[in-house]
Amino acid sequence: MQISKASIRYARALYDLAQEQGVQEQVYADMHRMIDLLSADKSLPALLSNPVVPVHPKQLAVDLILQGKVADLSVRFIQLIIRKNRSADIFGIVRAYVGLYRKKNGISRAIVRTPFPLREDERALFEDWFRQKMPGRKVELSNKVQPSLKGGFTLRIDWLYIDCSVAGRLQRMRREVTRRVYHKA
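### Focus on the overall build of the protein
The number of helices and strands found in the protein is eight helices and four strands. Its helices and strands taken in sequence order, the protein reads α-α-α-α-α-α-β-α-β-β-β-α from the N to the C terminus. The C-alpha atoms of the protein give a radius of gyration of 21 Å, which is well past the 16 Å a tight globule of 185 residues would have. Dimensions along the principal axes, computed over C-alpha positions, put the protein at roughly 70 × 40 × 30 Å. Here the protein, with 185 residues, has 35% of them falling under the buried criterion. Intrachain contacts of the protein at a sequence separation of at least 6 include 70% that bridge at least 24 residues. On the protein, roughly 12,000 Å² of surface is accessible, and the fraction owed to carbon and sulfur atoms is 55%.

### A closer look at the confidence of the model for the protein
On average, residues of the protein score 88 in pLDDT, and 97% of them are at 70 or above. Per-residue pLDDT, averaged within each element of the protein, yields its smallest value for helix α8 (residues 166–184) (82) and its largest for helix α1 (residues 5–21) (93).

Reading guide: rules and limits
- Residues numbered from 1 in each chain as written.
- Predicted model: local features only at pLDDT ≥ 70, side-chain atom pairs only at ≥ 80, totals over all residues.
- Heavy atoms only, no water.
- Helix = DSSP H or I, 4+ residues; strand = E, 2+ residues; numbered from the N terminus.
- Rg over C-alpha atoms; globule rule 2.2 N^0.38 Å.
- Buried < 20%, exposed > 50% of the residue type's maximum accessible area, 1.4 Å probe, protein only.
- Contact = heavy atoms within 4.5 Å.
- Areas by Shrake-Rupley, 256 points an atom, 1.4 Å probe, with all protein chains shown as cover.
- pLDDT = per-residue confidence, 0-100.

Structure follows, in structure tokens:
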């Protein structure tokens with residue numbers, strides 16, 4: 001999904017304001033909560049992006065949902081976006097802020113897909129591996145459960161993709177067998 005230039009501008013403005021007030025980490029955590037909220041329930045993004053719904057009900061909904069869960073600066077900023085009729089861009093702005101924060105703070109995002117949720121000891125092994133392979137860099141590890149992998153894991157971090165899954169191995173074996181059978185004929 002492409003992030004608009006306006007979303008990037010708003011995200012930069014929020015980052016600068018948060019930095020000025022010394023609350024970048026809090027706003028970063030708030031933006032993660034916003035991503036979770038916008039991803040979990042499709043009715044909130046539908047409400048916010050609907051041009052027929054007036055500004056006031058959108059602001060009330062955001063107040064009810066966010067009040068007490070996120071910093072005051074984050075709530076005021078989302079309210080400003082709604083007042084400026086940019087509520088359809090909220091998801092893009094939130095994603096742009098998270099990306100900007102990660103870039104400015106040297107944070108890489110690692111997504112580990114496994115057929116079952118990672119246990120704490122498994123998570124610790126991945127974190128140790130990241131510390132060894134990427135010294136001086138912070139890594140945010142998230143685990144996505146994907147039962148179709150059957151076993152093993154896949155890892156995506158920045159430009160690196162590692163497939164150590166049973167499904168991936170079977171796929172590679174299938175390609176190799178197909179390649180050998182067609183080359184013999």
